[in-house]
Structure formats: structure tokens, C-alpha cells
Amino acid sequence: MIRAALRTLLGQRARRRWIHIVLGGAVFMPFWLVGTVVVGAFGGGAPLGNRLGDQFAAYGVGLPLAALAALLPLARPMSVAAARTLCGVPPARFAEGPARGWGARARSAGWFTLHVGLGALVSGASLALPPFAVALMALPFSARLRASDLGGYGHLDGAGQAWLGLPLGLLLLLALASVVAATGALLAAAAPRLLGPSPADRLAAAERRAAELAVRNRLARELHDSVGHALSAVTLQAAAARRILGPKPAAADAVHGTVHGAAHDTAHRAAHGADPASDFVREALAAIEETGRRTLGELDSVLGLLRSGEDDGALASPGLEALDALVRGAGAARVALTVRGDLGRLPEAVSREGYRIVQEGLTNAVRYAREETVTARIALSGDELEITMENPLSGPAPVARPDGGRGLRGVAERARLLGGSAEAGPVDGVWRLAARLPAGGAR
């Protein structure tokens, strides 16, 4: 029970709430200074006098000024940003944007006044009480302190009575921690009520969601009708052409045993009576058909995410375990793939984004480079996954877009989302992609 109480008083959430309270006290300082000037001018005292009564009078003058300032529409976004970060309240319970209507402004002003008012009091106590408590606890060990006004206060100037300063100081610190915790809990409870969305805010949010869903549904329809139809047509045409070509001659199968894709030895096949051109066409059509069917499945998952309420799960996307199929779909390009490490140990998100990076890199290598062989190296070493792809350029380097192109921008964004880096482009006559992804969660 004692441990739970200490966790409540000194835990991370309590510390964040204390920072939030102190922030309110700091924001209140300009209003308090104006209050001291007013009290000094009309009360006949010094503007910044040390009398406790004058300071509380300045506090009373500053609170209404803070409430008036909080009626501005932009006061709510600033208050929401601080409360969302430091109060420990779910972000969804706060309103977004400036306050609309006088009702919302009044609630925002009430929150702002409560925050800065309590913040000023707790901040003052946080500054004054800890040194006082430490001095009390030091009384038994310092004759000079016992002889000072501090020792005379509360009749603790005697050597025997001075030991009472230890429990008194500890009680003061515990009381301060309790007040901070209670104030933080009060502000956390009041925040959703005073900074939460009003009926007008909920209506505006519903209208925005409806407009966004309409755009997403329209985009899903367009993708389905255009890209989906084109992919289906390409897949069906490739399958039909492959059937018309017929199966590969049995003699060629007996000689070569297995299919090696674009890496066939043309001279060797010609020496045994095989037709390299026909075999290449068969393999290319098979790769087109396989890629088209796989892409149609991925497109269907994407459309499900775009359409409202049709897919609430994760996007179905292949990972690095599907590299072989990706390489087979490279068509005329020969891909020299080297893999080091157990890619099956990678977290799902890293494997999925790594596959997309390799996919985009292969697409650009084939598009911008003219040599037949693309070198791809994928290495998992410790807590890092390294992806490197290279293809020598046979001609002048392609002119890169100023923004790097949508695909390469997507590669960089995927890497950054995981905390890694990626860059691609022509370097010294070679088109090169290099990406590093953190794999600290590898199983």
C-alpha cells in the first residue's frame, strides 16, 4: 500500500502533471505582475512589495484578466496541446481547433482560469516549501539555524526540540507531494469537461469524416474500375498467350532439369535444340501472370482499407519471405540476390516495409539502368537490416526529378517511419539504392 501511494505521488504521470501545473503558474506570471502594479497604485504600497496580503490581492486581480484573455478562440488549442501531453487524459476526449461559439469559449476560459490559478498557488508552494522543509530537517545539526528566526519559530531553538524539525520537514514535503497529486488529478478530471468537444465541434467533425469517407470511397471506385481492370486484362492476356505457346518441349526439360528464369545459358540451350526465344517468352508471360494475380490481391486489400467499414484489419502485404516470387517477376532482368541472416526473425512491420523497398528498388533499377544484371544484397546483422541494390548504367545517368519521384519518396518515408534511412539514385555510373532499417525487435 505504501509503495502504491509513493508511486501515485512520485510516478511518471504525477511528474508530468506537476510540470503541467508549474506551466500554469508560469503562464499566470504576466497577469500577476499586472495585478501587483494595480494593487501598488491603488493600495498605496510598493508595486512589488513582499507583503503576503499584497501578493494575494495581486493574485485576485490577475485571475479575471486571465479569464478575459482566455476568451480568445486560439486559447483552447494551446490549452489542449499542453493538457493532452501532460495530463494523462486520452487524446480523443479533447476538442480540436479553436473554440466556436461563446459556450465553448466560456468553458475554455474556465479551464484556463482554473489551470493558471491552481498553477500559481502550487508553483509558489513548490518554490517556498522545499527549502523551508530542508532547513527544518537541518535544525538538529546546525546551532546557527537554531539561533536564527527559523529556530525561534515554533519554539524549536532548543537542542531537544530541534529534533522535531525532522518529522515536520518530512511531513511538509509529503503534504506538498499530496497537494500536487490532488491538483493534477483535479485538472485531469476537469480537462475533458471543459476542453472536450461541444455539440458544434462534434457536428463539424462528423461532417469532415463524411467528406473524407466520400473521397476515399470515390478513390476506391476509381482504382477498382481503372487499375483493377487493367491488371485483370494484363493477367488474362498473359495467361492466354502462354496457353497458346504451349508447354516447353520435354527434350529441353530433360536437358536442363529445372527452370532458371532469365539466367538461362542461351548458347547451351541452342546446342541442344531448344528455342531460347520461345522459352524466354514462356517465362516472361508466366512472370507477368504471377505478378498480376499477386498485385490484384494486394489492390483488393488496399481498396478494403480505403472504403469505409469494409476492412478494419491490417493491410495484407507480403514480407521478405516472398523475395523469390518478386525476383521471378523481374522479367528480362537478371537479379543476383544475396541474403545473409535469418529474415524470418524480423518483426512483421520491418519485413513488410523491407519487401516494399526491395520492390521499388528493383522497379527503378530495371527502369533507369540498361545493364541486364541487378545486384541485390540483403543482410540482417545484429539490430540492423541493410538493403543494397546496384545496376551499372550503360549510358548517361538518368535525370532525377527534383523531388526524387513518388516511388523513391515512398521508400524514404517507409524507412523513416521505422527509424531508419534510405536513399537512391545514380552514383559514379551505377544506379544504387541503400537502405538501413532497425531490426531490434528481431525474434
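What you see is a predicted model; the values in this text were computed from it and never measured. (Residues numbered from 1 in each chain as written. Predicted model: local features only at pLDDT ≥ 70, side-chain atom pairs only at ≥ 80, totals over all residues. Heavy atoms only, no water.)

Using the criterion set out here, one finds 8 salt bridges in the structure. Between Glu384 and Arg436 there is a salt bridge; the shortest N-O distance is 2.8 Å. Linking Glu384 in strand β3 (residues 384–392) with Arg436 in strand β5 (residues 430–438), this pair joins segments that are 52 residues apart in sequence. Using a relative accessible area of 38% as the deciding quantity, one classes Arg436 as partly exposed. With a closest N to O distance of 3.6 Å, Glu386 and Arg436 form a salt bridge. Highlighted residues: Glu386 in strand β3 and Arg436 in strand β5, separated in sequence by 50 residues. One salt-bridge network, held together by shared partners, links Glu348, Arg352, Glu353 and Arg414. (Salt bridge = Lys/Arg side-chain N within 4 Å of Asp/Glu carboxyl O. Helix = DSSP H or I, 4+ residues; strand = E, 2+ residues; numbered from the N terminus. Buried < 20%, exposed > 50% of the residue type's maximum accessible area, 1.4 Å probe, protein only.)

Soluble globular proteins tend to bury their nonpolar side chains together. If you look at the biggest cluster of nonpolar residues, it comprises 27 residues, and the most contacted ones within it are Leu385 and Ile387. Secondary structure elements with two or more residues in this core: α14 (323–328), α15 (348–368), β2 (373–381), β3, α16 (406–417) and β5. If you tally residues by element for this core, the top one is α15, at 5 residues. What Ile387 contacts, discounting residues up to four positions off in sequence, is Gly354, Ile357, Val358, Arg377, Ile378, Leu433, Ala434 and Ala435. The next biggest cluster of nonpolar side chains, apart from the first, holds 15 residues, and it includes Ala83, Leu176, Ala188 and Ala191. (Core = buried A, V, L, I, M, F, W, Y, C linked by side-chain atoms within 4.5 Å. Contact = heavy atoms within 4.5 Å.)

This part covers the packing of helix α5 (residues 101–138) against helix α9 (residues 165–195). Angle between the axes and distance between the axes are the two parameters that describe a pair of packed helices. Closest axis-to-axis distance for the α5/α9 pair is 9 Å, and the angle between their directions is 170°. Considering the angle they form, α5 stands roughly antiparallel to α9. For the contact of α5 with α9, the class distribution of residues is 25 nonpolar, 7 polar and 2 charged. (Axes fitted to C-alpha atoms, helices over the stretch in contact; angles between N-to-C directions. Parallel < 35°, antiparallel > 145°, perpendicular 65-115°, else oblique. Nonpolar A, V, L, I, M, F, W, Y, C, P; charged D, E, K, R; others polar.)

A separate point is the packing of aromatic side chains. Inspection of every chain in the model, using the stated rule, returns 3 aromatic pairs. Between the aromatic rings of Phe28 and Tyr59, the centroid separation amounts to 5.5 Å while the plane-to-plane angle is 65°, which identifies the pairing as edge-to-face. Linking Phe28 in helix α2 (residues 12–43) with Tyr59 in helix α3 (residues 52–69), this pair joins segments that are 31 residues apart in sequence. Assigned by exposure class, Phe28 and Tyr59 land together as buried. These aromatic residues form a ring-pair network of at least three members: Phe28, Phe31, Tyr59 and Phe112. Positioned above the aromatic ring of Trp102 is the side chain of Arg105, whose terminal nitrogen or guanidinium carbon lies 4.8 Å from the ring centre. (Phe/Tyr/Trp six-rings, centres within 6.5 Å; stacked < 30°, edge-to-face > 60°. Lys NZ or Arg CZ within 6 Å of the ring centre and 35° of its normal.)

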